[in-house]
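# Structure assessment
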Amino acid sequence: MRWLEKLRLRGRTLFRRGRVEQELDEELRFHLDEQIAENLAAGMTAEEARYAARRAIGGAEQIKEECRDMRRVNWIGDFAKDVRYALRILGRSPGFTAAAVLSLALGIGINTAVFSLINAVLLRTLPVKNPERLVVFNHRNDISYPMYEDLREGNTVLSGLLCRFTIPASMSTAGQTDRISAELVSGNYFQVLGVEPLIGRTITPDDARMPGAQPVVVLSNGFWRRRFGSDPGIVGKTIRLDGHPMTVVGITPAGFQGTEVGVSPDVRVPITMVRAMIPEEVEINSRGWQWLDLVGRLKDGVSRAQAESALNAIYMHARERELGSVFKGIPPSAKAQVLAERLRLEAGSRGVSELRETFSFQLWVLMAAVGVVLMIACMNVASLLLARAMARQREIAVRLALGASRVRVVRQLITESVILVLIATGASVVIAGWGSHMLAGFLPEGRLPVALNLDPDFRVLGFAVIVSLVAGILFGLAPALQLTRSAVAPALKAQASLSGLRGSLAFRKILTVAQVALSLLLLEGAGLFMRTLGNLKAIDIGYDRENVLLLELVPWLNGYSDDQSTRFFEEVIERVNQLPGVRAASMGSMGLLGSGLRIEGVHVEGSSTSQGEETGGWINSISPKYFETLRMPLLLGRSFTVGDTKTAPKVAIVNQAFARRYFGSSNAVGRHFGIGDVNNIEIVGIVRDGKYKDVREKTSNLVYLPFEQNLDQPMTLCVRTVGDPGKVTAAIRREVRAVDANVPIYNVRTLETQLDESLSQERLVATLSSWFGAFALLLAAIGLYGVLAYNVTRRTNEIGLRMALGAQRGGVIWMVLREALLLVGMGVAVGVPLALVLARSVSSLLYGLKPTDALTISAAAIILLAVGAVASYLPARRASCVDPMEALRYE
Amino acid sequence: MGKPSDLVQGTLDLLILKTISLEPKHGWAIAKRIQQISHEVLQVQQGSLYPALHRLEQQGWIKAHFAETETGRNAKFYSLTRAGRNQMEKELANWDRLSSAIDLVVQTNEA
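### Quick word on the overall build of chain B
Summing up its helical and strand segments, chain B has four helices and three strands in all. Along its sequence from the N terminus, chain B presents helices and strands in the succession α-β-α-α-β-β-α. In chain B, which comprises 111 residues, the share counted as buried stands at 31%. In chain B, once contacts between residues fewer than 6 apart in sequence are set aside, the share between residues at least 24 apart is 49%.

### Thoughts on the overall build of chain A
A tally of regular secondary structure across chain A gives 28 helices and 22 strands. The C-alpha atoms of chain A give a radius of gyration of 38 Å, which is well past the 29 Å a tight globule of 891 residues would have. Along the first, second and third principal axes, the C-alpha set of chain A runs to 140 × 80 × 55 Å. Across the 891 residues of chain A, 42% fall into the buried class. Within chain A, counting contacts between residues at least 6 apart in sequence, those at least 24 apart form 83% of the total.

### Notes on the domain arrangement of chain A
Under the domain assignment, chain A is made up of domain 1 (2-72), domain 2 (131-311 + 343-349), domain 3 (356-538 + 760-890) and domain 4 (555-743). The C-alpha-based centres of domain 1 of chain A and domain 2 of chain A are spaced at 79 Å.

### Examining the packing of helix α6 (residues 94-123) of chain A against helix α13 (residues 354-391) of chain A
Residues and elements named next belong to chain A. For the pair α6 and α13, the least separation of the axes is 9 Å and the interaxial angle reads 165 degrees. As summarised for this structure, α6 and α13 are arranged roughly antiparallel, according to the angle between their axes. Here the hand of the crossing between α6 and α13 comes out left-handed. A per-class count over the contact of α6 with α13 returns 25 nonpolar, six polar and two charged.

### Here we look at the interface of chain A and chain B
Contact with chain A, which involves 18 residues of that partner, is made by 16 residues of chain B. For the side of chain A that touches chain B, the elements supplying multiple residues, two or more each, are α1 (2-15), α2 (17-41) and α4 (60-70) of chain A. At six residues, α2(A) tops the list of elements feeding residues into the side of chain A that touches chain B. Tallied by class, the residues present in the side of chain A that touches chain B amount to seven nonpolar, two polar and nine charged.

### Thoughts on the nonpolar core
Residue and element names in this part refer to chain A. The biggest cluster of nonpolar side chains holds 105 residues, and the ones touching the most others in it are Leu104, Val373, Ile376, Leu520, Leu522 and Ala776. By residue number, the principal contributor to this core is α13, which donates 21 residues. Leaving out residues up to four positions away in the same chain, leucine 522 has contacts with Ala369, Val372, Val373, Phe772, Gly773 and Ala776. The next biggest cluster of nonpolar side chains, apart from the first, holds 60 residues, and it includes Val128, Val157, Leu158 and Val352.

### A closer look at the environment of A:Lys693
All names here are of chain A. Relative to the helices and strands, lysine 693 resides in the loop between β19 (678-687) and β20 (702-706). Under the C-beta neighbour-count criterion, lysine 693 is labelled partly exposed, with 17 such atoms within 10 Å. Sequence separation between lysine 693 and serine 220 is 473 residues; the distance between their C-alpha atoms is 38 Å.

### What about the packing of α6(A) against helix α15 (residues 406-440) of chain A?
Residues and elements named next belong to chain A. Look at α6 against α15: their axes get within 6 Å of each other, and the N-to-C directions meet at 40 degrees. Taken together, the axes of α6 and α15 lie oblique to each other. Of the two possible hands of crossing, α6 and α15 adopt the one that is right-handed. When grouped by side-chain class, the residues that make up the contact of α6 with α15 number 19 nonpolar, seven polar and no charged.

### Points about the pairing of strand β3 (residues 74-80) of chain B
All names here are of chain B. By the bridge criterion, two bridges tie strand β1 (residues 25-26) to β3 in an arrangement that is antiparallel. Residue histidine 26 lies in a different strand from β3, and its bridge partner there is phenylalanine 77. Where strand β2 (residues 62-68) lies against β3, seven bridges are found, and the strand directions are antiparallel. Its bridge partner being in β3, lysine 63 is matched across the sheet by serine 79. Here β2 hands over to β3 after five residues, with glycine 72 in that stretch at a positive phi of 85 degrees.

Criteria and thresholds
- Residues numbered from 1 in each chain as written.
- Chains lettered and ligands numbered in written order.
- Predicted model: local features only at pLDDT ≥ 70, side-chain atom pairs only at ≥ 80, totals over all residues.
- Helix = DSSP H or I, 4+ residues; strand = E, 2+ residues; numbered from the N terminus.
- Buried ≥ 20, exposed ≤ 12 C-beta atoms within 10 Å, placed from the backbone.
- Contact = placed C-beta atoms within 7 Å.
- Rg over C-alpha atoms; globule rule 2.2 N^0.38 Å.
- Domains from an automatic or database assignment.
- Axes fitted to C-alpha atoms, helices over the stretch in contact; angles between N-to-C directions.
- Parallel < 35°, antiparallel > 145°, perpendicular 65-115°, else oblique.
- Left-handed = near helix turned anticlockwise from the far one by under 90°.
- Nonpolar A, V, L, I, M, F, W, Y, C, P; charged D, E, K, R; others polar.
- Core = buried A, V, L, I, M, F, W, Y, C linked by C-beta atoms within 7 Å.
- Pairing = 2+ DSSP bridges.

If you want it as structure tokens, here you go:
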């Protein structure tokens, strides 16, 4: 009962404030009147009585305030007052408020944006049932459908195993055609993941019994909202996918994007509908078409290691059978390689993601960079608050003198900071939402556009809240403490407040130095990454990258023998060469900045191999006209011709590195060497060095062999086109299919995209880090400007005096400039060693320069000094325009 | 007016509770009553009395109501609640224990 009464009293104090105050007044007045009555009775005059009574009671207002405090809810009233007051104060200086809110909002916003990206790519678990029981396979997109069935039916360790394949598709309804992304899924896809439909039904195993039998499609939630305006009536209707009519049977729940992070298919179709969705004539039951990605769900009580060994037993067994039957044409060396392959299971709770594999470290580096940006922003706001607090020092001194407690004043100042943070956080949500999508736009697009789930979840919101709180405390507390520490009496005098001010100014200068140092870190980082990207772009790959289309062919997987494969390749080359728009076409086993290189032992008569040097060479089996197609300059000797057949004398063309390594300065043409167990190969030509697997590699020894004499697969068809390769892609595919429609075409891309993609990490880091660096620079410049401008104002009469005594304008300008350069110089002095140490941690991201690169760090320092000079220009000019008379009168 | 004897921390609460335990009183009367009974030794300052009254009220030990005094003026009267009476008994017992303990110490020293 007591708490009820207490609650009633608190409520009364809060909501019937006027009444409570009136009662308090009455109570104290009554006491006063009684005291007066008593004094009168004691024989005092009326005036004496009143005076004595008042003296006895003491400070009525203080008693009242104490009584209010006793009511326990006073702080709520105080808080409301603080908020009102803070809003009024902030409203009165819109410039300051805007600068502070903007710095903070941008700082918190980009931090949240980068974190959203990290969350989406690295942290989010799939929104499916018990995601921790899912396993993914290291074999990505290279399991055939029959192999998938072997694994699914043969195992006792998984409660379910699904397969999937994503492709671009086109969809038309009501005369409108859209480019969309589709996912072909096994019938048990939704069952294994435990995802229930929002509307209608999902795809079931019954949909995937017979090839081509069930033209049904499940729409993703986002696509349904975007394209069909959330119309539930679409279920049961027919849409055309790649021209084939399919019935919409259901919609997936919101948030579900599938098992691959970064890819969000718009529609899902039973895998048995593959012929409708893929232009090549795919035989789903062929073991040669290795294309699927698998995701499994562990049975209860089965560990990932147990499942891995059980599945590998099935996999190995199936592989051996395959090599004995359908792949019998594969040469023994390649067979051994196939048999050595193992499945590896990885935790699947976060799905699979190429982005995650490629960008983890880079994203954390960017997170650190924006963290530094936020620190600089906080320092700016702290500095601004300090400057303003100094202007308010008299106000605060008055409040302290009138009896406000120090805690009370600090609370007031903190309320102001909290309000700043709240406004900034609100704004930062908008910035983060916009920024995270923009950042995601920097991620490289593969076959399908990058689609990440960037909706803020509890982790992102928690992050934003924590960052805001930390920011608020960082910049809010210091000025408040600094201010209330100053003594009351001196602050009340007009000009004598210098002692308190000097402490604050020193503090602001320290902040400026720190800002410069932190900016230097970001500039250094940006510089290193930009130069890395520049170095990589400037690399001469040794051949012409423009207008080259690449695609991979592996006829072995269709049971071709070597001879059949050779004939197949020759016919493809001949047909493609005759296409209009094609300059030249040829084949090589090297993937060109991709996979497909094999290393072999090389032995050369009379060459020393004992120096611990690499004694091998990469092998690239090529067709004639290969160098012509890629425009690789042949330096000496001849190119391969149609005469270099299987039965002709063995010949080879080597690159410069190979010739130098094995033959030194002597002419290598005409010399003989051996590779593996093949001897007496004659070198007939030398071509220029190039980059083969990766633009970052050191040049390797490379041997070109005629593909008829050394067949290897897969072969990459290289086609140099007259214009945009995209225009002839379809025609080239058609020609390949005309030779044999059953041979799958893999990995169609241009050399340019291949090169671009290989630089996507560097591009992301370089672009974003230079943005962040520029932003940090701007903030630091504003901070420096603030300090200098304030200092000039403070020293107005000193400057006036100096000028009255004959100081020149130039001297005054130099005085301000010197201060700026001193601050920046100190910042640089602190920042340089720090930057050099920190740069080492990102050395794995650099190319062609050391983390301690002198040019980069001096450029960063010079940029900072220049920006410091620019920031000090306005204050310096104002100082030089001080009118001595005016300044001296000011006091 | 002499300096009031410093009250042991917390004893003001007890004095107030005890003073109004027989009948409701207003602040002035409480102060006067304490002064009288202690033969002018205990002088309760208004600066401590009223905050104490408000605190006790907030704690639910006492409750307030407005009523007329003998002289016909409206004043705020405080009376004990049931919880306040329990609290007073507890504090009285505490006080007894404490004061007899202090007596013991003081007398032993004199002997």
